[in-house]
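In case you want the letters, here they are:
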Amino acid sequence: MSKIETKDLNLFYGNFQALIDVNLAIEEKMITALIGPSGCGKSTLLRTFNRMNDLIDGARITGEVLIDGKNIYEAGTDLVVLRKKVGMVFQRPNPFPLSIFDNIAYGPRTHGSKSKAELEDVVEQALSRVQLWDVLKDRLESSALNLSLEQQQRLCIARLMAVTPDVVLMDEPCSALDPMATQRIEELMSELKKHYTILIVTHNMQQAARVSDRTGFMLLGRLVEYGETPQVFTNPKEIKTEEYITGRYG
Amino acid sequence: MRKFREAIIEKTILLNGFACILFVVLIFVFLAKDGLTLFRTIAIQDFLFGQIWSPLAEPPQFGILPLFLGSLFVTVGATVISVPLGMACAIFIGEIAPRWMREVLKAGVELLAAIPSIVIGFIGMTMLGPVVKSLFHLPTGLTAVTGSIALAFMAIPTMVSIMEDAITSVPRTYKEGSLALGATHWQTIYRVIIPAASSGIVAAIMLGIGRVIGETMAVMMLTGNASVMPKTILAPVRTMTATIAAEMGETVRGSEHYFALFAIGLVLFGITFLINFLADMARHRKKK
Ligand SMILES: Nc1ncnc2c1ncn2[C@@H]1O[C@H](COP(=O)(O)OP(=O)(O)OP(=O)(O)O)[C@@H](O)[C@H]1O
Ligand SMILES: [Mg+2]
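What comes next is a walk through the structure. For clarity, every value in this text was computed on a predicted model and none was experimentally measured. (Residues numbered from 1 in each chain as written. Chains lettered and ligands numbered in written order. Predicted model: local features only at pLDDT ≥ 70, side-chain atom pairs only at ≥ 80, totals over all residues. Heavy atoms only, no water.)

Section: the side chain of Q153 of chain A
All names here are of chain A.
(1) Moving on: Along the chain, Q153 turns up in helix α6 (residues 149–161).
(2) Moving on: By relative accessible area, which is 0% here, Q153 ends up buried.
(3) Moving on: The contacts of Q153, once residues within four sequence positions are left out, are V89, F90, Q91, P93 and P173. (Helix = DSSP H or I, 4+ residues; strand = E, 2+ residues; numbered from the N terminus. Buried < 20%, exposed > 50% of the residue type's maximum accessible area, 1.4 Å probe, protein only. Contact = heavy atoms within 4.5 Å.)

See below:
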């Protein structure tokens, strides 16, 4: 069974249809990349998996999104449980204006506060997982806003790890970072793949080719092509995919 | 030529900036000149800690402690009432209310701010006073509490609109980040949004308090105007501002009484200055 599956998924922003009949199956513990020109609906699709689109007035959905076989749009779905399981990393690093420690402890505290000792454990583990522990362990009480952008993005990933999700959604996680930092985050993603199912939206086709196992190409709200990353990049089935990959679209 | 224009504009702006400071200094000097004259004849501790304010007695007594306590009771009371109400209102408008209701409520709050204080005093006198009187079985409904409640309603609109600004200008990404971690809306509000807006919230509270301390008309009408040491918040009191307003007209220019009223003004000036200073400190500590 696939980890995530969409069935005839349509999404409307008011009268505008942003997703059209998307059928997609995402495998567990793999990195799946979504590529496509600006405005084609990549972020929209990503945000259906943790129901962040619920926040937008006038957004409406038809079809199904199954995670572990369960339709998350069913009435009675617990959003807290869903979002604990399906975490999200945003385009611009968005640490809270709190200390480093409080940022990581935010999730665990929110989900039934743990003792100080337990929290310290969680913080150490989460920061270690994103290779920040050695750098930051002596200034856990200083503000997270003083970190470099790369460190902030790592911190946001660690903040997510602390709530032990299964799925990690990343919406252009490197677009605010320089090439070196981008490379290091990519290495981190390959490392994280062992434990999590990762979806990444990216404008950077080299990045998709480098890090992902599967790639989906979207155009004007439709999923045009989906398959093994090497196949999509070297031998696309659809002419539109080929045109995009060879740079004939924006 | 362009450089010359730039220079002129720059200088003008600079001048305006200094003008503000200049006015504050001038006002202070003006107050201090007459206010400090009092202490040629009256010891400063008798003025600050004297328990009797009786300028017409023989010999006159100029102890402002009862007036100071009057202002303190009324202000603290108004703060205790207005801060929680204002916070709740601002959170509701900024975060919870649907969009159409938000617009209606904001307009309502602005209207409330536009009500002249004399009208609030009037309503307080005819409606609130009797309620306070019968509720607590008092001989009179004109007490510190009555003043506090009315002043709270004057402070709330100022507080709400500034707090609401602070709350809605918290970056959306904080809110999304928190919700995406599985926090509920309410958890997001009190664990991310309020802390992120805290400097604006503190500023709003300070401005609200500033308005309450400076308010004169309504408190004159509502607090009973008794310049005696207040024992409880249910007793009539008289504030410092009300004393100046009530007595300035009947003093002889250059008399001891006249100087004493200026000295009260000086004390008020000092208090508001201190409050602003503390607010600034709170804001800067937050930034760090
Ligand atoms: N809140 C909204 N209300 C109305 N339309 C929206 C909203 N958000 C996005 N859209 C529209 O939906 C379409 C898809 O947007 P989406 O953000 O998913 O694109 P994207 O592929 O992520 O683009 P980008 O690469 O620029 O991030 C766009 O045409 C956009 O204008
Ligand atoms: Mg996007």
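Section: the sheet that holds strand β7 (residues 167–171) of chain A
Residues and elements named next belong to chain A.
(1) Moving on: An order of β6-β7-β8-β3-β9-β10 is seen for the six strands of this open sheet, with the pairing classed as mixed. If you trace the sheet from one side to the other, it starts and ends with β6 (86–89) and β10 (222–228), each paired once. Neighbour-to-neighbour, the strand axes of this sheet turn through a mean angle of 20°, independent of strand direction.
(2) Moving on: Running over the sheet, α6 touches β6 and β7 and is turned about 170° from β6.
(3) Moving on: Running at roughly 150° to strand β8 (residues 197–201), helix α7 (residues 179–192) makes contact with β3 (31–35), β7 and β8 of the sheet. (Pairing = 2+ DSSP bridges. Axes fitted to C-alpha atoms, helices over the stretch in contact; angles between N-to-C directions.)

Let's talk about empty space enclosed by the protein
One simple way to see leftover space: roll a probe sized like a water molecule over the atoms.
(1) Moving on: According to the stated counting rule, one finds two cavities of 30 Å³ or more in the structure shown.
(2) Moving on: Taken as a whole, the largest cavity holds about 50 Å³ of empty space.
(3) Moving on: The wall of the largest cavity is formed by S71, V74, T75, L151, V212, I213, E215, V219, T239 and T241 of chain B.
(4) Moving on: The element that contributes the greatest number of residues to the lining of the largest cavity is helix α3 (residues 65–96) of chain B, accounting for three residues.
(5) Moving on: The residue inventory of the lining of the largest cavity, partitioned by class, reads five nonpolar, four polar and one charged.
(6) Moving on: Around the second largest cavity, the lining residues are M88, V89, F90, N94, C156, R159 and L160 of chain A together with L181 of chain B.
(7) Moving on: Looking at the lining of the second largest cavity, the elements with two or more residues in it are β6 and α6 of chain A.
(8) Moving on: Residues of the lining of the second largest cavity, tallied by class, amount to six nonpolar, one polar and one charged. (1 Å grid on protein atoms, 1.4 Å probe; cavity = no way out; pocket = protein on both sides within 12 Å on 5 of 7 lines; lining within 4 Å. Points joined across faces, edges and corners; volume = space filled by probe spheres on them. Nonpolar A, V, L, I, M, F, W, Y, C, P; charged D, E, K, R; others polar.)

A word on the sheet that holds strand β2 (residues 16–26) of chain A
To summarise the sheet geometry, strands pair through backbone hydrogen bonds and adopt either a parallel or an antiparallel arrangement.
Residues and elements named next belong to chain A.
(1) Moving on: Spatial ordering of the open sheet is given by β2-β1-β4-β5, a layout of four strands whose pairing is antiparallel. The open sheet is flanked by β2 and β5 (70–71), the only strands paired with a single partner.
(2) Moving on: Bridge analysis of strand β1 (residues 4–13) against β2 gives seven bridges, and the strand direction is antiparallel. When the sheet's bridge partners are listed, L11 is paired in β2 with L19.

Looking at the site of ligand 1
All names here are of chain A.
(1) Moving on: If you check the shell around ligand 1, you find 13 residues, and the closest are S38, G39, K42, S43 and T44.
(2) Moving on: T44 places a side-chain nitrogen or oxygen 2.4 Å from an oxygen atom of ligand 1.
(3) Moving on: The protein chains hide 63% of the 640 Å² of surface that ligand 1 would expose on its own.
(4) Moving on: Secondary structure elements with two or more residues in the shell around ligand 1: β2 and α1 (42–48).
(5) Moving on: Ranked by the residues each element gives to the shell around ligand 1, the list is headed by α1, at three residues. (Near = heavy atom within 4 Å. Polar contact = N/O pair within 3.5 Å; in protein donor to acceptor, adjacent residues only side chain to side chain. Areas by Shrake-Rupley, 256 points an atom, 1.4 Å probe, with all protein chains shown as cover.)

Here we look at the interface of chain A and chain B
(1) Moving on: Each side of the interface is counted separately: chain A has 25 residues, and chain B has 17 residues.
(2) Moving on: For the pair chain A and chain B, the summed buried area comes to about 1,800 Å², and 62% of that belongs to carbon and sulfur atoms.
(3) Moving on: Connecting chain A to chain B are two salt bridges.
(4) Moving on: A salt bridge links D57 of chain A to R99 of chain B; the shortest N-O distance between them is 3.1 Å.
(5) Moving on: Counting the contacts that link chain A with chain B gives seven residue pairs in polar contact (both at pLDDT 80 or more). (Buried area = accessible area lost by both parts, 1.4 Å probe. Salt bridge = Lys/Arg side-chain N within 4 Å of Asp/Glu carboxyl O.)

Quick word on the side chain of N10 of chain A
Residue and element names in this part refer to chain A.
(1) Moving on: Structurally, the position occupied by N10 is in strand β1.
(2) Moving on: On the basis of relative accessibility, which here comes to 10%, the residue N10 falls in the buried class.
(3) Moving on: Polar side-chain contacts of N10 include one of 3.3 Å to the backbone oxygen of D8.

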